[in-house]
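# Architecture and fold: a report
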Amino acid sequence: MCVLTVFTLSNALNIFAQALVLTIVPLGGAILFAGPAVALPFAALLAGAAIGTIPAAWLTGMDQRWGFALGGSFGVAGAVLAAFGMMNVVGSAFTLGAFWLGLAQGFGNFYRHGAAGLARRDGRSISLVIGAGVVAAFTVPSALSFATTSAGPLATAAALVMAAAAHLAASGLAFLLPRQRGLDRKSTRLNSSHGYISY
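As a starting point, this report considers the structure included with it. Quick caveat: nothing in here was measured; it's all calculated off a predicted structure.

Further remarks concern the environment of P141. With respect to the helices, strands and loops of the structure, P141 is situated in helix α7 (residues 140-151). For the pair P141 and A19, spaced 122 residues apart in the sequence, the C-alpha separation amounts to 9.4 Å.

Put into structure tokens, the structure is as follows:
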């Protein structure tokens, strides 16, 4: 499997999981908490995403395989813990799971950076990677409808399990990437000057 295909599929899975999580976490906060505390899970998600970009930038720059695999593992663990919190009405578990899911988002945002590195050889690469994410996002309403139909009152937990499965698949795909440095400084400066990198 070529590197571009791995980045395309991984970003699609990542965006699918992110869209599910961005839908479920605020809903879960409203179910599990009362008053101003309803915002705690979503705040934890955003905090995790912000904090996650720091180690993600370093790890994906040193070895993109292990960097993306670690990010996916945060997503799996966070989604499972958040689902446990929803099913057992444990707000602290749900909030911690949301934080870990945020960490996974921080790592997942770097898939487009990897595509930006490939854009030097094929300008279509970043369009394919981002376009796959857009298509994946449009499948989320159908996934949520399926979760509601099949899981009933446990639909929120079922949606989180879907997010865990997406992160798990992305983690597996990461090991199909070549064993090399993800983005060297020279390519980062080059692509940043063309607007490919947003951080």
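Next comes the rest of the description.
With that settled, consider empty space enclosed by the protein. The final tally for this structure, using the stated rule, is 1 cavity of 30 Å³ or more. Considering only enclosed or pocket space, the largest cavity measures out at about 50 Å³ in volume. Elements supplying a minimum of two residues to the lining of the largest cavity: α3 (64-88), α4 (91-108) and α8 (155-174). By residue class, the composition of the lining of the largest cavity is 5 nonpolar, 5 polar and no charged.

What follows concerns the packing of aromatic side chains. In this structure the tally under the stated criterion is 5 aromatic pairs. Geometrically, the ring pair formed by F68 and Y111 is stacked, given 4.2 Å between the ring centres and 15 degrees between the ring planes. Taken together, the residues span a long stretch of sequence, with F68 in helix α3 and Y111 in helix α5 (residues 111-118) at a distance of 43 residues. Each member of the pair, F68 as well as Y111, is classed as buried. Where F74 meets F107, the ring centres are 6.0 Å apart and the plane angle is 40 degrees; that geometry is what we call tilted. Here F74 is found in helix α3, whereas its partner F107 is found in helix α4, with 33 residues between them in sequence. Owing to a relative accessible area of 2%, F107 belongs among the buried residues under this scheme.

A few words on α7. If you check α7, its first and last C-alpha atoms are 16 Å apart, about what 12 residues at 1.5 Å a residue would give, namely 16 Å. Among the residues of α7, V140, A143 and A147 are the ones counted as buried. Seen from one end, α7 has its buried residues packed into an arc of 60 degrees, which puts them on one side. Exposed side chains of α7 directed beyond 90 degrees from the buried face belong to P141, S142, F146 and T149. Packing partners of the buried residues in α7 comprise α1 (3-32), α6 (125-138) and α8. Immediately beyond the C-terminal end of α7, within one or two residues, lies G152, with a positive phi of roughly 60 degrees.

Within the largest apolar cluster, 28 residues are counted, with the highest numbers of intra-cluster contacts made by F16, F94, L101 and L160. Looking at which element gives the most residues to this core, the answer is α1, with 9 residues. Non-local contacts of L160, meaning those with residues more than four positions away in its chain, are made with I24, A79, A82, A83, M86, F94 and L101. Counting residues in each nonpolar core, the second largest holds 16 residues, with A69, F110, I126 and A174 among its members.

Calculation rules
In this convention, every chain numbers its residues from 1, walking through the sequence in written order. Where totals are concerned, whole chains, interfaces and linings use all residues; where local detail is concerned, this predicted model gives features only for residues with pLDDT of at least 70, and gives and counts side-chain atom pairs only at 80 or more. Side-chain calculation: all heavy atoms of the structure are included, whereas hydrogens and water are not. Only DSSP runs of H or I reaching four residues or more are called helices, and only runs of E reaching two or more are called strands; each is numbered from the N terminus. Any residue with an atom within 4 Å of a point lines the site, the site being either a cavity, points on a 1 Å grid over the protein atoms alone where a 1.4 Å probe fits but cannot get out, or a pocket, an open set with protein on both sides within 12 Å along at least 5 of 7 lines. Grid points are joined across faces, edges and corners, and a volume is the space filled by probe spheres set on the points. We call Asp, Glu, Lys and Arg charged. Ala, Val, Leu, Ile, Met, Phe, Trp, Tyr, Cys and Pro are nonpolar, and the rest, Gly among them, are polar. Under the pairing criterion, centres of Phe, Tyr and Trp rings, with the six-membered ring standing for Trp, must be within 6.5 Å; the plane angle then separates stacked pairs below 30 degrees from edge-to-face pairs above 60, leaving the rest tilted. Exposure classes here rest on a 1.4 Å probe applied to the protein chains alone. A residue is buried below 20% of its type maximum, exposed above 50%, and partly exposed in between. By this rule the span expected of a helix is its residue count minus one, scaled by 1.5 Å. Of all possible arcs, the one meant is that of the directions from the helix axis to the C-beta atoms. Between two residues, a contact is recorded if the distance between any of their heavy atoms is within 4.5 Å. Residues enter a nonpolar core if they are buried and are Ala, Val, Leu, Ile, Met, Phe, Trp, Tyr or Cys, with the set joined through side-chain atoms within 4.5 Å.

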